Amino acid sequence: MMTCVYCRITDKGFFKGREHVIPRSFGTFGPKTPTLHCVCDKCNDYFKKDLDQALARDTLEGITRYKKGLFSRQRQFPKNLVFTLEERVDTGDYGGAILGGYDPTTGKLLPPVAQFWIRNIQVNEWERYTLDQIKYIKIIDEKYGPNTPGSREMRILAPTKDDYDLVTSELKKFGIPYKEKEILGLPPFLKNTDSKGKVEIQGRIHGVIDKNKKRAFVKIIFNFATYYLGEEEVSKPQWDKVRDFVRNNGEILSGRITQEPFWNGQETDKMCFTDNSYNIRIENKNANVLGTIQFYNLLTYEFILIENYSLTLEQEVAYRFTPGEEPYVGIKMSKPE
Ligand SMILES: [Zn+2]
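None of the values given here were measured: they were computed from a predicted structure. (Residues numbered from 1 in each chain as written. Predicted model: local features only at pLDDT ≥ 70, side-chain atom pairs only at ≥ 80, totals over all residues. Heavy atoms only, no water.)

Student: Any chance you could explain the overall build of the protein chain here in plain terms?
Tutor: Helix and strand counts for the protein chain stand at seven helices and 13 strands. The 337 residues of the protein chain split such that 45% are buried. Pairs at least 24 apart in sequence give 61% of the contacts found in the protein chain among residues at least 6 apart. When the accessible surface of the protein chain is totalled, it reaches about 18600 Å², and 50% of it is carbon and sulfur. (Helix = DSSP H or I, 4+ residues; strand = E, 2+ residues; numbered from the N terminus. Buried < 20%, exposed > 50% of the residue type's maximum accessible area, 1.4 Å probe, protein only. Contact = heavy atoms within 4.5 Å. Areas by Shrake-Rupley, 256 points an atom, 1.4 Å probe, with all protein chains shown as cover.)

Student: I tried to follow the nonpolar core on my own but got confused; where do I start?
Tutor: Across soluble globular proteins, nonpolar side chains have a tendency to be buried as a group. Core analysis: the largest hydrophobic core is formed by 49 residues, its most contacted members being Tyr-6, Ile-22, Trp-239, Ile-282, Phe-295 and Leu-305. Elements with a contribution of two residues or more to this core: helix H1 (41-57), helix H5 (211-229), helix H7 (240-248), strand S9 (278-285), strand S10 (288-295), strand S11 (300-306) and strand S12 (317-321). The element best represented in this core is H5, accounting for nine residues. Apart from the residues within four sequence positions on either side, Phe-295 is in contact with Phe-26, Leu-55, Glu-61, Phe-217, Ile-220, Ser-277 and Tyr-278. Within the second largest apolar cluster, 15 residues are counted, among which are Ala-114, Ile-134, Ile-137 and Tyr-178. (Core = buried A, V, L, I, M, F, W, Y, C linked by side-chain atoms within 4.5 Å.)

Student: What am I meant to see in the pattern of salt bridges here?
Tutor: Pairing is possible between side chains that carry opposite charge, provided their charged atoms lie close to one another. Overall, the coordinates contain 11 salt bridges when judged by the stated rule. Note that Lys-143 is salt-bridged to Glu-127, the shortest N-O span being 3.9 Å. Residue Lys-143 is found in helix H3 (residues 141-144), and its partner Glu-127 is found in strand S5 (residues 125-130); the two are separated by 16 residues along the sequence. Classification of Lys-143 as partly exposed rests on a relative accessible area of 24%. For Glu-127, a relative accessible area of 15% corresponds to the buried category. Taken together, the salt bridges that share partners define one network made up of Glu-19, Asp-52 and Lys-219. (Salt bridge = Lys/Arg side-chain N within 4 Å of Asp/Glu carboxyl O.)

Student: Is there a simple way to think about the sheet that holds S9 in this case?
Tutor: Note: strands within a sheet are paired through backbone hydrogen bonds, in either parallel or antiparallel orientation. Read from one edge of the open sheet, six strands run S8-S11-S10-S9-S12-S13, paired in antiparallel fashion. Looking at the sheet topology across the chains shown, the edges are occupied by strand S8 (255-258) and strand S13 (328-329). In this sheet, S12 lies alongside S9 in antiparallel orientation, the contact comprising five bridges. Residue Tyr-278 lies in a different strand from S12, and its bridge partner there is Phe-321. (Pairing = 2+ DSSP bridges.)

Student: Is there a simple way to explain the coordination of the zinc ion in this structure?
Tutor: Reference geometry at the metal: tetrahedral coordination by four donors gives ideal angles of 109.5 degrees; octahedral coordination by six donors gives 90 or 180 degrees. Around the zinc ion, the protein contributes the donor atoms Cys-4 (SG), Cys-7 (SG), Cys-40 (SG) and Cys-43 (SG), which lie 2.3 Å from the metal centre. Here the zinc ion binds four donor atoms, and the angle range of 105 to 117 degrees at the metal identifies the geometry as tetrahedral. Read in sequence order, the donor residues coordinating the zinc ion give the pattern C-x2-C-x32-C-x2-C. With Cys-7 in the segment before strand S1 (19-20) and Cys-40 in the loop between strand S2 (35-36) and H1, the pair connects residues that are 33 residues apart, well separated along the chain. Residue classification places Cys-40 among the buried positions, given a relative accessible area of 1%. (Donors = N, O, S within 2.8 Å, 3.2 Å for Na, K, Ca; no water. Tetrahedral: all angles 85-135°; square planar, octahedral: opposite > 155°, others 65-115°.)

Student: How should the packing of aromatic side chains be read in this particular structure?
Tutor: For any pair of aromatic rings, the description consists of the separation of the ring centres together with the inter-plane angle of the planes. One pass over the structure, following the stated rule, counts 21 aromatic pairs. Ring centres of Phe-224 and Phe-321 lie 6.2 Å apart, and the angle between their planes is 80 degrees; this geometry places the pair in the edge-to-face category. Highlighted residues: Phe-224 in helix H5 and Phe-321 in strand S12, separated in sequence by 97 residues. Residue classification places Phe-321 among the buried residues on the basis of a relative accessible area of 0%. Counting every residue linked through ring pairs, the aromatic cluster contains Phe-26, Phe-29, Phe-217, Phe-224, Tyr-227, Tyr-228, Tyr-278, Phe-295, Tyr-296, Tyr-301, Tyr-319 and Phe-321. (Phe/Tyr/Trp six-rings, centres within 6.5 Å; stacked < 30°, edge-to-face > 60°.)

So this is what it looks like as structure tokens:
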């Protein structure tokens, strides 16, 4: 009798599909691609729509896929990410400008969109607004300076004259006094091209790691636990909180996000792995069971899967997954005395 490791349903007819331990949009791992039979079709569909897509489209990790040559079949634009121009010497005054996103077919960043900047004198930083966001600006003297000539710093960045006119009319519509000075055209560095004649733009991506994204990562860790520790282990009631968090949006697991290297202490500079992989580990730590996951050497996410519980030493497990290659097992090494 098959039982779903997430919702515990036991009907045999509900297990036609297979759950990929690591969502397929992040690649496969040769004949040893880990998949699960014990996730029912309903859970599998739900994960695909709700968690895997959020991870693939709306996270730093998802966007990084493009740079690694893993393209999505979907061509949808991420909603919760903001793309800005890197602040460097050659970007000059334009550093921090809001970009038009990225081209999903190439992963390249797109040029800046029409936008309005106003300097917040309380924090001494520019606030930047796209055309759609101008309506949310509330002009407060304490924040932007008094309405006397030259006291408020404002700037419009517009790729074309039409864009510029759109920004000024939007400002007028919402009663934001803007004194016309000069039109900023396309930044000069946009004329810099690579060997193929394409414009190269360096940018930063900001995103919020919300509960759904955490659930998407924990689902991968729980899938991983199911695959490597077995159904019997993860069917224990101790794993119910993890199940409930992933499947039912239940109580959030404690955890933290760091920029610490994943394989801390297990590699030297010379033995460094490439950054095109996904790392997952489950281990005992401080009387809890800890799950750790990291994609592309970006952020490291740690979650307390079970409090006051221990796996056997043989159950502690770590793997590195590189698209197109077989999974690579992490070997536990004792610290030198
Ligand atoms: Zn299920």
